[in-house]
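# Structure assessment
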Amino acid sequence: MNKSVIQNTVDFVKEKLLGAEAGHDWFHIERVWKLSKNIAAHENCILEVVELAALLHDIADPKFHGGDETLALTISNDFLENQKVSPEIIGQVLFIIKNVSFKNRNEAPQILPLELKIVQDADRLDAIGAIGIARTFNFGGFKNNLMYDPELPPQLEMSKEEYKKNQGTTINHFYEKLLLLQGLMHTEAAKKIASERHDFMLKFLDEFYKEWNVEI
């Protein structure tokens, strides 16, 4: 694997995401990259595809670009071509970027390549546990959403478009996404980590409701 391409990608992503919302900034990318490499160490995969896809998967998150789901693919393709990455590798990386997100899970092919499973697991792991809680509240604050409203129940059966437009509370997001992720993990390494992080979120919610309801 060409280490200079990986380092160039790191530098490119750091510059591109300078000033990004804190839940989707370089540090999120770095955590997903490291998690992907840790998971990949237990799998027989193409590591270059895993690393490049992990680094580029949120280069232009549609949430922050008017819902445009093609921009990340265009930016990534142009960058990787400029880096003289082979067309085959580029194709695999773009496939992962296109299909990695939670909201696109029902549109993805039934049979997923191992490299996508690894990056998807890593991305989903960063959405749960202590970091996941912090990211969720940060994004809720970014959108000026309510933390919690007992009169607004979670929307558990949303279409992709409904999910994208959802203006629910931050606590509802736990039930609409975060608590579902443990059951969507692919790799054994990710399943083990997810179990611990899932339990931590349940404990957090218990404490949140106790404090919200002023249970002394």
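Residues numbered from 1 in each chain as written. Predicted model: local features only at pLDDT ≥ 70, side-chain atom pairs only at ≥ 80, totals over all residues. Heavy atoms only, no water.

Counting 58 residues, the largest nonpolar core has L52, L80, V93, L125, I128 and F174 as the members making the most contacts within it. Where this core is concerned, the elements lending two or more residues are α1 (3-16), α2 (26-40), α3 (47-56), α4 (71-82), α5 (87-99), α6 (114-125), α9 (170-176) and α10 (188-212). (Core = buried A, V, L, I, M, F, W, Y, C linked by side-chain atoms within 4.5 Å. Buried < 20%, exposed > 50% of the residue type's maximum accessible area, 1.4 Å probe, protein only. Helix = DSSP H or I, 4+ residues; strand = E, 2+ residues; numbered from the N terminus.)

Owing to its 3.6 residues per turn, the α-helix aligns residues three or four sequence positions apart on the same side. Here α1 contains 14 residues, and its C-alpha end-to-end distance of 20 Å stays within 8% of the 20 Å for a straight helix at 1.5 Å per residue. Every buried residue belonging to α1 is among V5, I6, T9, V10 and V13, and all of these are buried. Along the axis of α1, the buried positions cluster into a sector of 145 degrees, meaning they face one direction only. Residues of α1 that are exposed and point more than 90 degrees away from the buried face comprise K3 and E15. Where α1 is buried, its residues contact α2, α3 and α4. (Expected span 1.5 Å × (residues − 1). Arc of directions from axis to C-beta. Contact = heavy atoms within 4.5 Å.)

Attention now moves to the side chain of N145. Structurally, N145 can be placed in the loop between α7 (129-142) and α8 (160-165). Among residues more than four places away in sequence, those in contact with N145 are G140, Q167, G168 and T170.

What follows is about α6. Over its 12 residues, α6 extends 16 Å from the first C-alpha to the last, a length consistent with the 16 Å expected when each residue adds 1.5 Å. A large share of α6 lies buried, amounting to 10 of its 12 residues. When we look at burial in α6, the residues that qualify are E115, L116, I118, V119, Q120, D121, A122, D123, R124 and L125. In this structure, the buried side of α6 is in contact with α2, α3, α5 and α10.

Let us look at the packing of aromatic side chains. The description of an aromatic ring pair rests on the distance of the ring centres and on the angle between the ring planes. For the coordinates displayed, the defined rule picks out 13 aromatic pairs. A ring pair is formed by Y148 and W212, whose centres lie 4.9 Å apart and whose planes are at 80 degrees; its orientation type is edge-to-face. Of this pair, Y148 sits in the loop between α7 and α8 while W212 sits in helix α10, and the two are 64 residues apart along the sequence. We classify Y148 as buried; its relative accessible area is 17%. Three or more aromatic residues joined by ring pairs form one cluster here, namely F137, Y148, F174, F204, F208, Y209 and W212. Residue placement shows K37 over the ring face of W33; its charged tip is 3.9 Å from the ring centre. (Phe/Tyr/Trp six-rings, centres within 6.5 Å; stacked < 30°, edge-to-face > 60°. Lys NZ or Arg CZ within 6 Å of the ring centre and 35° of its normal.)

The phi angle at N144 is positive, at roughly 60 degrees, despite the residue not being glycine. Looking at the secondary structure, you find N144 in the loop between α7 and α8. The phi dihedral of V214 falls on the positive side, at around 50 degrees, and the residue is not glycine. Relative to the elements of secondary structure, V214 occurs in the segment after α10.

All right, on to the packing of α2 against α3 then. Interhelical geometry of α2 versus α3 gives an angle of 160 degrees and a closest axis separation of 8 Å. Between α2 and α3, the angle is such that the two are roughly antiparallel. The element α2 and its partner α3 pack so that their crossing is right-handed. Contact residues: α2 offers W26, I29, V32, W33, S36, K37 and A40, while α3 offers L47, V50, E51, A54 and L55. Counted by class, the contact of α2 with α3 contains 9 nonpolar, 1 polar and 2 charged residues. (Axes fitted to C-alpha atoms, helices over the stretch in contact; angles between N-to-C directions. Parallel < 35°, antiparallel > 145°, perpendicular 65-115°, else oblique. Left-handed = near helix turned anticlockwise from the far one by under 90°. Nonpolar A, V, L, I, M, F, W, Y, C, P; charged D, E, K, R; others polar.)

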